Each structure stands twice: as structure tokens, then as C-alpha cells.
Amino acid sequence: AATVAQTGNKITVTIDATKAVPGTYEATISATDEYEATATLVITYTILPNTPPAAIKGMDNMVFGKGESVTVDLTEYFKDADGEKLSYTIESTESVVADYGIVDNTLTLSGRSFGTSEITLVAMDAQKEKATIKFSVLVRDRNVPADIYPNPVRDHMFVRAGTDGTYQLSIIGANGGTIYSNSSAASGPFNPFRVDASEWGAGSYTVVLKNGSSEYKTNIVKL
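From a predicted model like this one, the values you see are computed outputs, not experimental measurements.

Draft legend 1. Spotlight on the sheet that holds strand S10 (residues 98-103). Ordered in space as S7-S11-S10, the three strands form an open sheet in which the pairing is antiparallel. Every interior strand has two partners, whereas the edge strands, strand S7 (69-73) and S10, have only one. Going from strand to strand, the sheet's axes swing by 15 degrees on average, the running direction of each strand aside. Sheet topology note: the S10/strand S11 (residues 106-111) ladder contains six bridges and is antiparallel. Within the sheet, the bridge partner assigned to Tyr 100 lies in S11 and is Leu 109.

Structure (C-alpha cells):
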């Protein structure tokens with residue numbers, strides 16, 4: 001854990017705490033002149049126990065459009081009590097959804113294709129101790145207020161609004177009759193509202209989603 005290097009009359013002592021267990025140690029430096037006379041210097045040093053890094057707060061789920069980017073200062077989310085410089089790794093359940101990169105303490109995420117991905121961000125110190133944060137990323141079309149999927153529908157239809165809220169939801173058949181209505185459908189980017197479509201007949205339907213004065217209509221097909 002302790003090494004010595006000499007440059008001229010300058011001696012540099014380097015102590016690498018990662019190569020020894022915590023405790024108090026002595027390092028003895030001996031200097032000998034041309035007449036074989038020797039002097040020694042004893043240096044006492046203490047290696048403290050390592051404190052693992054910690055996640056000081058969670059990261060909110062993120063929503064952005066294809067091609068949009070967001071940067072995050074990771075020092076706001078991870079802390080190392082020993083003052084060590086942390087290294088980071090990132091894993092994604094759906095790598096095609098978002099591109100990501102980490103430079104120093106800055107994380108950059110950008111939307112590649114529509115979809116949802118679970119992100120695992122790991123901070124690691126010199127002793128390989130880790131802290132982890134998990135969050136979700138949704139890349140969606142900003143031009144539409146809600147995603148209605150799957151389309152075609154078999155058993156269940158999901159309504160994923162672009163912003164969290166309570167919506168008035170109606171499903172209208174090809175003959176103009178309303179086959180489903182809910183005036184308080186809670187929906188959001190990470191909280192899609194599920195509708196049981198198993199009893200619907202095959203055909204084309206219109207989905208109407210209202211929030212205040214705004215209204216969104218789209219068509220779906222039931223198989």
C-alpha cells in the first residue's frame with residue numbers, strides 16, 4: 001500500500017488505501033550517504049474503513065420525444081462520504097429506446113425510438129462498492145396527447161395520456177353508439193388506463209379522450 005519514489009533529493013511517498021485493510025501502519029524511510037551513514041524517518045498513517053457511495057435521492061421517471069435530450073448532474077443523486085471520484089455504469093432493458101452516455105458526472109439521455117425502457121444507474125467507488133438508482137424512460141410522440149394501444153386490440157386496450165390527469169373516456173362503435181364510457185379515467189405516462197375489450201365485437205371503433213376543453217379522437221380496430 002505504500003511506495004517510495006526518489007527524484008534527486010526529493011522523496012515521494014504514495015499510500016494506496018485500496019491495497020490494504022483498514023488500520024494504523026508505519027512506513028520507515030531510510031537514507032544512506034556515501035559513507036554508509038544512515039538516518040531513518042518513520043511515518044505513521046491510518047487507513048480508514050471505506051464508506052460505500054450512497055444514492056441521496058431517487059430519479060424521477062422521464063418522458064421525452066424522439067430526438068430530444070436531457071442532461072443530469074449525477075452529483076445531485078449520488079454521494080461518497082470519503083470524497084472519492086465515482087465511476088458510473090448504466091443498463092437499459094430496451095437499448096433501442098434511448099441513447100445514453102456519461103462524461104465525468106454528467107448523464108445524457110436522448111430518445112431514439114418510441115417505447116419504454118427501465119434504466120439502472122450504478123455508481124461505484126475505488127473499492128468496488130456500489131449504489132444503484134432505477135427509473136423509467138418513455139419516448140413518445142409529443143404531437144398527440146395520448147397513446148392508445150395495442151392497435152389492433154384483442155382483449156385489453158390501454159390509454160396512456162401524455163400528462164397525468166383524470167380524463168373523460170368514451171368508446172364509440174361504427175354505428176355511432178357508445179359502448180364504453182368513463183368520466184374519471186386516471187391516466188399518465190407511467191400509469192396507463194386499462195379498458196376491458198374482450199366483449200366487444202370485431203370492427204372499427206372511435207376513442208374519444210377529453211380533458212377540460214381539449215378533445216382527442218383516434219380510431220382502433222378490434223379483432
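Draft legend 2. Fine view of the pattern of salt bridges. Counting across every chain of the model gives seven salt bridges. With its nearest N and O atoms 3.5 Å apart, the salt bridge here joins Glu 215 to Lys 210. Relative accessible area serves as the criterion here: at 45%, Glu 215 is assigned to the partly exposed category. For Lys 217, the salt bridge is made with Glu 215, and the minimal N-O distance between the two is 3.8 Å. Owing to a relative accessible area of 54%, Lys 217 belongs among the exposed residues under this scheme. Three or more residues joined by partner-sharing salt bridges are found here, namely Arg 140, Asp 147 and Arg 160.

Draft legend 3. Just the layout of surface pockets, in detail. If you add up the space inside the largest pocket, you get close to 230 Å³. Every residue lining the largest pocket is counted, 16 residues in all, and those nearest its centre are Ala 17, Ile 47, Leu 48, Asn 50 and Glu 84. When residues of the lining of the largest pocket are assigned to their parent elements, the largest contribution, three residues, is made by strand S4 (residues 38-47). When the residues that make up the lining of the largest pocket are grouped by side-chain class, the tally is ten nonpolar, four polar and two charged.

Draft legend 4. Focus on the nonpolar core. The biggest cluster of nonpolar side chains holds 22 residues, and the ones touching the most others in it are Met 59, Met 62, Phe 78, Leu 109, Phe 135 and Val 137. Listing elements by their share of this core, those giving two or more residues are strand S6 (62-64), strand S9 (87-92), S11, strand S12 (115-124) and strand S13 (130-139). For this core, the element with the highest residue contribution is S13, accounting for five residues. Dropping the residues within four chain positions of it, Met 59 is found in contact with Val 72, Leu 74, Tyr 77, Leu 121, Ile 133, Lys 134 and Phe 135. With 19 residues, the next largest nonpolar core counts Ala 146, Met 157, Tyr 167 and Leu 169 among its residues.

Reading the values: the criteria
Residues numbered from 1 in each chain as written. Predicted model: local features only at pLDDT ≥ 70, side-chain atom pairs only at ≥ 80, totals over all residues. Heavy atoms only, no water. Pairing = 2+ DSSP bridges. Helix = DSSP H or I, 4+ residues; strand = E, 2+ residues; numbered from the N terminus. Axes fitted to C-alpha atoms, helices over the stretch in contact; angles between N-to-C directions. Salt bridge = Lys/Arg side-chain N within 4 Å of Asp/Glu carboxyl O. Buried < 20%, exposed > 50% of the residue type's maximum accessible area, 1.4 Å probe, protein only. 1 Å grid on protein atoms, 1.4 Å probe; cavity = no way out; pocket = protein on both sides within 12 Å on 5 of 7 lines; lining within 4 Å. Points joined across faces, edges and corners; volume = space filled by probe spheres on them. Nonpolar A, V, L, I, M, F, W, Y, C, P; charged D, E, K, R; others polar. Core = buried A, V, L, I, M, F, W, Y, C linked by side-chain atoms within 4.5 Å. Contact = heavy atoms within 4.5 Å.

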